[in-house]
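# Structural features, examined
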Amino acid sequence: KAGVTQTPRYLIKTRGQQVTLSCSPISGHRSVSWYQQTPGQGLQFLFEYFSETQRNKGNFPGRFSGRQFSNSRSEMNVSTLELGDSALYLCASSLIPSLGTDTQYFGPGTRLTVL
Amino acid sequence: SQKIEQNSEALNIQEGKTATLTCNYTNYSPAYLQWYRQDPGRGPVFLLLIRENEKEKRKERLKVTFDTTLKQSLFHITASQPADSATYLCALDHRDDKIIFGKGTRLHILP
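Overview of the structure.

Rules used in this analysis
- Residues numbered from 1 in each chain as written.
- Chains lettered and ligands numbered in written order.
- Predicted model: local features only at pLDDT ≥ 70, side-chain atom pairs only at ≥ 80, totals over all residues.
- Heavy atoms only, no water.
- Contact = heavy atoms within 4.5 Å.
- Buried area = accessible area lost by both parts, 1.4 Å probe.
- Salt bridge = Lys/Arg side-chain N within 4 Å of Asp/Glu carboxyl O.
- Polar contact = N/O pair within 3.5 Å; in protein donor to acceptor, adjacent residues only side chain to side chain.
- Helix = DSSP H or I, 4+ residues; strand = E, 2+ residues; numbered from the N terminus.
- Nonpolar A, V, L, I, M, F, W, Y, C, P; charged D, E, K, R; others polar.

All right, on to the interface of chain B and chain A then. Between chain B and chain A, the residue contacts involve 18 residues of the former and 24 residues of the latter. Buried surface at the junction of chain B and chain A, both sides included, amounts to about 1600 Å², of which 51% is carbon and sulfur. Inspection of the region where chain B meets chain A yields zero salt bridges. In this structure, the connection of chain B to chain A is made through two residue pairs in polar contact (both at pLDDT 80 or more). Sorting the residues of the side of chain B that touches chain A by element identifies strand 4 (32-38), strand 5 (45-51) and strand 10 (99-101) of chain B as the ones contributing at least two each. Here the element with the most residues in the side of chain B that touches chain A is strand 4 of chain B; it accounts for four residues. Here the side of chain B that touches chain A is composed, by residue class, of eight nonpolar, four polar and six charged.

The structure is reproduced here in structure tokens:
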């Protein structure tokens, strides 16, 4: 069974631009979560989607948004990029949307650099 | 506010010995705790989950303990091998159905 895939793997943008990242969960998984990982803050929860609905959201500004499609694939968007948005963005999928109680499978991440 | 602390400094352990990593938390009582392994340039990989009513959980060479009185979890790797070198993250559930991760401890197993 194929794992979680994320595209692109690397991205370089400039301040003020926007970016869209994509995540394809493991086949049959309907829950997708997004995380931001930085050396200073560690791994921080962004949001979770299940059946095309956002179930939960972390403490990030409204510039961070996401959506999930009927095939469970998910995208996250960051508008008006800031230097501090440079990070590894990780997507995780699970069968059910109970964060932590079901095994989450992480993708390899998208490394975003904002110049 | 809720806080999770893991050893911020790298841990160097001789091959064959037991590596013990610590995860301390304050200001809340999680229902469960997870441990993940993360290698450079890759996403975390789930290792073990332990619930608040479980004192200990084992999986092969891994053992996790959960002390809700001390607000601490210990993660043990017995008979450590150089391939166990990685960053290990602990994560706890949050009341609002979110999950909070520690910043991780880098483990180096020295041959």
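Let us now look at unusual backbone geometry. Backbone phi values are negative for most residues with the exception of glycine, while trans is the configuration of most peptide bonds. Omega for the peptide link from Thr7(A) to Pro8(A) comes to -10 degrees, which places this bond in the cis form. As for its position among the elements, Pro8(A) is in the loop between strand 1 (5-7) and strand 2 (10-13). The phi torsion at Lys71(B) lies on the positive side, around 55 degrees, for a residue other than glycine. As for its position among the elements, Lys71(B) is in the loop between strand 7 (62-67) and strand 8 (72-77).

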